[in-house]
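Reading the structure
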Amino acid sequence: MRWSQAFIPTLRDDPANAEAASHRLLLRAGFVRQLSAGHYSILPLGQRVRLKIDRIIRDEIDGIGGQQFHLPAMHPAELWKKSGRWEIMGDEMFRLTDRKGSENALGMTHEEVFAQLASEISSYKQLPQLWYQIQTKFRDEPRPKSGVLRVREFTMKDSYSLDLTQDGLDAQFDRHHAAYQRIFGRFGVDAVDVEASSGAMGGSDSIEFMVRSDAGEDWIVTCGTCDYRANLERATSRVEVIDDPDMVPDTERFATPGIRTIAGLADGFPEVAAPDRQIKTLVYLIDGTFTLVMMRGDHALQEQKLQDVTGGIDIRPAQADEIREQLGALPGSLGAVGVTEHPIIADQALAGRRGMVTGANEDDWHLRNVDIERDIAVGHWADLREVSAGEACAVDGGELELWKGIEVGHIFKLGTKYSEVMGAIVQDENGESHPIIMGSYGIGLERSMAAIVEASHDDAGIIWPWEVAPYHVIVTLLRQQDDAVVAAGDRLYADLTDAGYDVLLDDRDERPGVKFADAELIGVPYRVTIGPRGLASGLAEFTTRSTMETIEIPLDAVSDHLP
């Protein structure tokens, strides 16, 4: 492509309100343009990158037996109601009613549709199968931000494995895991695999692939001395043992006028109410059920863990008036002692604790000498605590680090959640019927493009890795009016193109500084500069974008310096 004929609308200044590096640089370098909040046009340079990402993904998924589909983006509501996710997805699902009054949705993902297609498989002899597509998805994101990282319309590769047995699912899951490592390696990014929550997808095992970046919205927990890695929504750590008395007297009320916080209670009564001796009682409405959630006073609740444990669809903190109506007090004086009419869920760090302090369910009063096993009817124990940086790893006791990352891929073991409701049932060799066991595996294309930029840029612009670069080399002509320079540039452009390289010829009538700045901004891996002075000696300048090192090489030996 000749730059003089290309549409590459570079910008000299950073766009307003573009905070993430990928957002700023993809706009400045002319890869994307915003149409509206959360909706982006992919321009020619961006499309070249996305197509290379697409090609790498298809290459690796085809390599493990994938068969590509293309499914509708708009789905009838009946499918999602059948799976139960019409309600689970809530306001993030784009819903519309057609002229006949039928309810539809723009697909956020395609488990339901693939499971319905899988219902045409009737025999175990047709398994295993691996199906995938690369399709537009939609999410009514309430706060789009960071360019193509958090949007309302995006492209995703989603693949689905179909097996008769759990062993078959495990094997396909492992093959996907390895394929994803190869994919992200070819993207040129260090994508770390971490334990994750399955969330609304359901199923059992779930692994995310994360690229470290301050622009990310996920917090990742890793151990400095072992291989433990997990999303904060799933992470655990070693909780120190607190020495409690073997026995405590009966609970005793004591006045706590005006005290509404853990810190206030600890300051006012340090001899009995240190934060690790307090019970923090939170109240949630879980699918409409008024529920008490107990945490140690110095621990924070991780809400995704609560959702995973309960399987709740609609989870929210109870309002003050709802709490007073049910418990007789406001937050700050709440507790679970003597409560039997509401379910109680407690964090594991409270198991067996004695000599604790909690609210008395009467404003300005608390209880001391609480023995949890004796005084509180806990219905369910679970890991609900949010891990903090510096805590001890649950595996080897090493110090845990907390960092932000961008999710570029996610793989799930779905099990039979969707096949059962969609009637995807097969008969085994003995004629017995079994629901197909499914796995689901996703990669976001535009998100991957942004993650690559986040991981590979400098102050001058983007630094594209070779396999995903829009062009491999840019041939920059100095003094466009010099016929010999133009002729040499045309020959090199043709020779490199014939050799299979993607080449951009900068034949614009612009100052050298403008051309150099644009080349660095768009991030092509190598630049070959042809000018009258070097050409007289048969030489050209060869610049490596990643290091900005420039050397002189013979003009007829350029391909020898390219990968």
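Above this text is the structure in question.
This text gives an overview of the structure that appears in the document. (Residues numbered from 1 in each chain as written. Predicted model: local features only at pLDDT ≥ 70, side-chain atom pairs only at ≥ 80, totals over all residues. Heavy atoms only, no water.)

What about the overall build of the chain?
In plain terms, the rule: In this description a helix means any DSSP run of H or I spanning at least four residues, a strand means any run of E spanning at least two, and both kinds are numbered starting from the N terminus. Buried, partly exposed and exposed residues are distinguished by accessible area as a fraction of the type maximum, computed with a 1.4 Å probe on protein chains only: under 20%, between the cut-offs, and over 50%, respectively. In this tally, Asp and Glu contribute negative charge and Lys and Arg positive charge; neither His nor the terminal groups of the chain are included. The atoms used to mark charge sites are NZ of Lys, CZ of Arg, CG of Asp and CD of Glu.
Of regular secondary structure, the chain possesses 15 helices and 31 strands. Here the chain holds 563 residues, and 52% of them are scored as buried. Separation of charge centres in the chain, based on 56 positive and 92 negative side chains, amounts to 4 Å.

Observations concerning helix α5 (residues 111-118)
Buried residues dominate α5, accounting for six of its eight residues. Those residues of α5 that fall on the buried side of the exposure criterion are E111, E112, V113, F114, A115 and A118.

Things to note about the packing of helix α1 (residues 21-28) against helix α12 (residues 445-455)
The cut-off we apply is this: In this analysis, axes come from line fits to C-alpha atoms, helices being fitted only over the stretch in contact, and the angle between any two N-to-C directions falls in the range 0 to 180 degrees. Our angle categories are set so that under 35 degrees counts as roughly parallel, over 145 as roughly antiparallel, 65 to 115 as roughly perpendicular, and the remainder as oblique. Whether two residues touch is decided by their heavy atoms; if any such pair falls within 4.5 Å, the residues are in contact. Amino acids are sorted into nonpolar (Ala, Val, Leu, Ile, Met, Phe, Trp, Tyr, Cys and Pro), charged (Asp, Glu, Lys and Arg) and polar (every other residue, Gly among them).
At a minimum axis separation of 8 Å, α1 and α12 run at an interaxial angle of 100°. Here α1 is positioned roughly perpendicular relative to α12, judged by the angle of their axes. Contacts from A21, S22, L25 and L26 of α1 reach α12 at A450, V453 and E454. Here the contact of α1 with α12 is built from residues that sort into five nonpolar, one polar and one charged.

What about the environment of F94?
Within the secondary structure, F94 sits in the loop between α4 (85-88) and β5 (95-97). Residue class for F94 comes out buried when judged on its relative accessible area of 19%. Between the alpha carbons of F94 and E325 there is a distance of 36 Å; along the sequence they are 231 residues apart. With near-sequence residues (within four places) excluded, F94 lies in contact with N104, A105, L106, F138, R139, D140 and R152.

Topic: the state of the cysteines
Chemically, a disulfide is nothing more than a covalent bond linking the sulfur atoms of two cysteines. This is how the line gets drawn: The definition used for a disulfide is geometric: two cysteine sulfur atoms within 2.5 Å.
Per the counting criterion, the structure on display carries zero disulfides. The structure places no disulfide on C226, whose sulfur is separated from the nearest cysteine sulfur, that of C223, by 3.6 Å. When its relative accessible area of 21% is taken as the criterion, C226 is described as partly exposed. In this model C393 remains outside any disulfide bridge; the closest cysteine sulfur is found in C226, 3.7 Å from its own. Classification of C393 by relative accessible area gives buried; the value is 0%.

Things to note about the nonpolar core
Condition: Throughout this description, the term nonpolar core refers to a set of buried Ala, Val, Leu, Ile, Met, Phe, Trp, Tyr and Cys residues connected via side-chain atoms within 4.5 Å.
In this structure, F31, F184, F187 and W464 are the most contacted members of the largest nonpolar core, which totals 62 residues. Looking at which element gives the most residues to this core, the answer is helix α6 (residues 166-187), with seven residues. Setting aside anything within four residues of it in sequence, one finds F187 in contact with I53, I56, I57, S448, I452, P465 and V468. If you look at the next biggest cluster of nonpolar residues, it comprises 26 residues, including A105, A115, A118 and I121.

Section: the sheet that holds strand β18 (residues 356-359)
Note the threshold: Here, any two strands with at least 2 DSSP bridges between them count as paired.
A sheet is described by the order of its strands in space; here three strands give the open sequence β13-β19-β18, paired in antiparallel fashion. The sheet is open, and its two borders are formed by β13 (252-255) and β18, each paired with just one other strand. Strand-to-strand, the axes of this sheet are offset by a mean angle of 30°, without reference to chain direction. The sheet contact formed by β18 and strand β19 (residues 365-370) spans three bridges and is antiparallel. Of the residues in β19, the one forming a bridge with G359 is H366.

Brief notes about the sheet that holds strand β28 (residues 503-506)
Strand order across the open sheet formed by five strands is β28-β27-β29-β30-β31, with mixed pairing between neighbours. Every other strand in the sheet has two partners, leaving β28 and β31 (549-554) as the edge strands with one partner each. Between one strand axis and the next, the sheet turns through 25° on average, direction left out of account. Pairing of strand β29 (residues 526-530) with strand β30 (residues 539-544), which is carried by four bridges, proceeds in the antiparallel orientation. Each residue of the ladder has a partner; that of R527, found in β30, is T543.

A short note on the side chain of K413
What counts is decided by this rule: Pairs of N or O atoms are called polar contacts if they sit within 3.5 Å, as long as, within protein, a hydrogen donor faces a hydrogen acceptor (for residues adjacent in sequence, only side-chain-to-side-chain pairs).
On the secondary structure map, K413 appears in strand β21 (residues 400-415). Of the polar contacts made by the side chain of K413, one reaches the side chain of D170; its length is 2.7 Å.

A short note on the pairing of β30
Looking at chain direction, β30 and β31 are connected through six bridges and run antiparallel. Each residue of the ladder has a partner; that of A540, found in β31, is I553.

A word on unusual backbone geometry
Of all residues except glycine, most have a negative phi; of all peptide bonds, most are trans. Cis geometry marks the peptide bond from L127 to P128; its omega dihedral reads 5°. Positive phi, normally seen in glycine, also occurs at S146, with a value near 60°. Looking at where S146 falls in the secondary structure, it is placed in the loop between β7 (129-138) and β8 (153-163).

Brief notes about the packing of helix α2 (residues 44-63) against α6
Convention followed: Each crossing gets its handedness from the near helix: less than a right angle anticlockwise from the far helix is left-handed, clockwise is right-handed.
In the contact formed by α2 and α6, the axes pass within 10 Å of each other and the chain directions differ by 150°. In terms of orientation, α2 lies roughly antiparallel with respect to α6. Crossing hand, α2 versus α6: right-handed. Here α2 contributes I53, I56, I57, D59, E60 and I61 to the contact with α6, which in turn contributes H176, A179, Y180, R182, I183, R186 and F187.

Side note on α6
How we decide: Helix span, as expected, comes to 1.5 Å for every residue beyond the first.
The terminal C-alpha atoms of α6, which comprises 22 residues, lie 31 Å apart, in line with the 32 Å expected from a rise of 1.5 Å per residue. The complete set of buried residues in α6 reads G168, L169, Q172, F173, H176, H177, A179, Y180, I183, F184 and F187. Note on α6: the residue one or two positions beyond its end, G188, has a positive phi of about 85°.

Comments concerning the environment of R12
Residue position: R12 is located in the segment before α1. As a C-alpha pair, R12 and D518 span 506 residues in sequence and 9.1 Å in three-dimensional space. Beyond its immediate sequence surroundings of up to four residues, R12 is in contact with R28 and D518. In this structure the side chain of R12 is engaged in a polar contact, spanning 2.6 Å, whose partner is the side chain of D518.

Quick word on the pattern of salt bridges
Selection rule: The term salt bridge refers to a side-chain nitrogen of Lys or Arg lying within 4 Å of a carboxyl oxygen of Asp or Glu.
Across all of its chains, the model carries 42 salt bridges by this definition. Among the ionic pairs, R316 bridges to E322, the shortest N-O distance being 2.8 Å. The exposure class of R316 is partly exposed, given its relative accessible area of 31%. E322 gets classed as partly exposed once you look at its relative accessible area, which sits at 23%. Within this structure, D59, E60, R182, R186 and E467 form a network of salt bridges that share partners.

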